[in-house]
Amino acid sequence: MVRRLVCVVFFVVLAIPALCDEAGPPTLAVGAAAPDFCLPGIDGQTHCLKDYAASKILVIAFICNHCPTAQLYERRIQQLADDYRDRGVTLLAIEPNNPNAVRLDEMGYTDVGDSFEDMKVRAAYRQFNFPFLYDGEKEEVSRAYGPVATPHAC
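Remember, predicted model here, so these are calculated numbers, not experimental data.

K.L.:
Explanation requested: the nonpolar core in the structure shown.
P.N.:
The nonpolar side chains of a soluble globular protein tend to be buried, and buried together. In this structure, Ile-63, Ile-77, Leu-91, Ala-93, Phe-128, Phe-130 and Phe-132 are the most contacted members of the largest nonpolar core, which totals 15 residues. Elements with a minimum of two residues in this core: helix H2 (68–85), strand S4 (89–95), helix H3 (116–126) and strand S5 (132–134). Of all the elements, H2 adds the most residues to this core, at three residues. In this structure, Phe-132 is in contact with Pro-40, Gly-41, Ile-42, Ile-63, Asn-65, Ala-93, Ile-94, Glu-95, Met-119 and Ala-123, ignoring residues within four places of it in sequence. Counting residues in each nonpolar core, the second largest holds 11 residues, with Phe-37, Leu-39, Leu-49 and Leu-133 among its members.

Structure, rendered in structure tokens:
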């Protein structure tokens, strides 16, 4: 009887994720029009999609402070911004996370959180050479673009 109960519990636990919407919003399709946005930047300015209309290419990288993988890619993202700036490519980054949604166990690889103030600290420390925008309050822009992890570039 115990073995049967364990098997039933095991299969129910396996089925729960399939019943939940863990996939989240769909990722923006290649070639789709960029969803509009106006977001605050760590530079004190509001940045809107229309501000980048003169760029031949706009790269939006979704990064966050607490993610160890995103931290490892920060220098690479800076290098990409430098390498392609003179070719008409603009790179900006968006912090997609509401800092209150980050679990304590996710904070084990970072020195700062995902708040707007922490973004300023991280960007100053790493000397970011690209606009760093905050979408953590409502996460509406992030949901429109649909990054599946950080870093994620669109």
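K.L.:
In this structure, what is going on with H2? I would like to understand it.
P.N.:
What sets the pattern is the α-helix's 3.6 residues per turn: residues three or four places apart point alike. Its 18 residues give H2 an end-to-end C-alpha distance of 26 Å, which sits within 8% of 26 Å, the value for a rise of 1.5 Å per residue. In this fold, the buried residues of H2 make contact with strand S3 (57–62), S4 and H3.

K.L.:
What is the right way to read H3 from this model?
P.N.:
When H3 is considered as a whole, its buried residues turn out to be Met-119, Arg-122, Ala-123 and Arg-126. The buried residues of H3 occupy an angular sector of 95° when projected down its axis, which confines them to one face. Relative to its buried face, H3 has exposed residues pointing more than 90 degrees away, namely Ala-124 and Tyr-125. On its buried side, H3 packs onto H2, S4 and S5. Looking one or two places after H3, you find Gln-127, whose phi comes out positive at around 55°.

K.L.:
I'm lost on the side chain of His-66 in this one. Help?
P.N.:
You can see His-66 is positioned in the loop between S3 and H2. Within the structure, His-66 has its side chain in polar contact with the side chain of Asp-114 (distance 2.6 Å).

K.L.:
Can you help me understand the sheet that holds S3 in this one?
P.N.:
Either a parallel or an antiparallel arrangement is found when strands of a sheet pair, and the pairing is made through backbone hydrogen bonds. Spatial strand order, S5-S4-S3-S6: four strands in an open sheet with mixed pairing. Taken across any chain shown, the strands that pair with only one partner, and hence form the sheet edges, are S5 and strand S6 (152–153). Direction of pairing for S3 relative to S4: parallel, over a ladder of six bridges. Opposite Ile-60, over in S4, you have Leu-92 as the bridge partner. Packed on one face of the sheet, H2 meets S3 and S4 and runs near 155° to S4. Running at roughly 170° to S5, H3 makes contact with S4 and S5 of the sheet.

K.L.:
When you look at the layout of surface pockets in this model, what are you seeing that I'm missing?
P.N.:
Empty space among the atoms can be located by rolling a probe the size of a water molecule over them. Taken as a whole, the second largest pocket spans an internal volume of roughly 210 Å³. Lining the second largest pocket are 14 residues, and of these Leu-28, Ala-29, Ala-32, Tyr-145 and Cys-154 lie nearest its centre. Going through the elements one at a time, S3 and S6 are the ones with two or more residues in the lining of the second largest pocket. Per-class residue counts for the lining of the second largest pocket are 11 nonpolar, three polar and no charged.

Rules and cut-offs
- Residues numbered from 1 in each chain as written.
- Predicted model: local features only at pLDDT ≥ 70, side-chain atom pairs only at ≥ 80, totals over all residues.
- Heavy atoms only, no water.
- Core = buried A, V, L, I, M, F, W, Y, C linked by side-chain atoms within 4.5 Å.
- Buried < 20%, exposed > 50% of the residue type's maximum accessible area, 1.4 Å probe, protein only.
- Helix = DSSP H or I, 4+ residues; strand = E, 2+ residues; numbered from the N terminus.
- Contact = heavy atoms within 4.5 Å.
- Expected span 1.5 Å × (residues − 1).
- Arc of directions from axis to C-beta.
- Polar contact = N/O pair within 3.5 Å; in protein donor to acceptor, adjacent residues only side chain to side chain.
- Pairing = 2+ DSSP bridges.
- Axes fitted to C-alpha atoms, helices over the stretch in contact; angles between N-to-C directions.
- 1 Å grid on protein atoms, 1.4 Å probe; cavity = no way out; pocket = protein on both sides within 12 Å on 5 of 7 lines; lining within 4 Å.
- Points joined across faces, edges and corners; volume = space filled by probe spheres on them.
- Nonpolar A, V, L, I, M, F, W, Y, C, P; charged D, E, K, R; others polar.

Keep in mind these numbers describe shape, not what the thing actually does.
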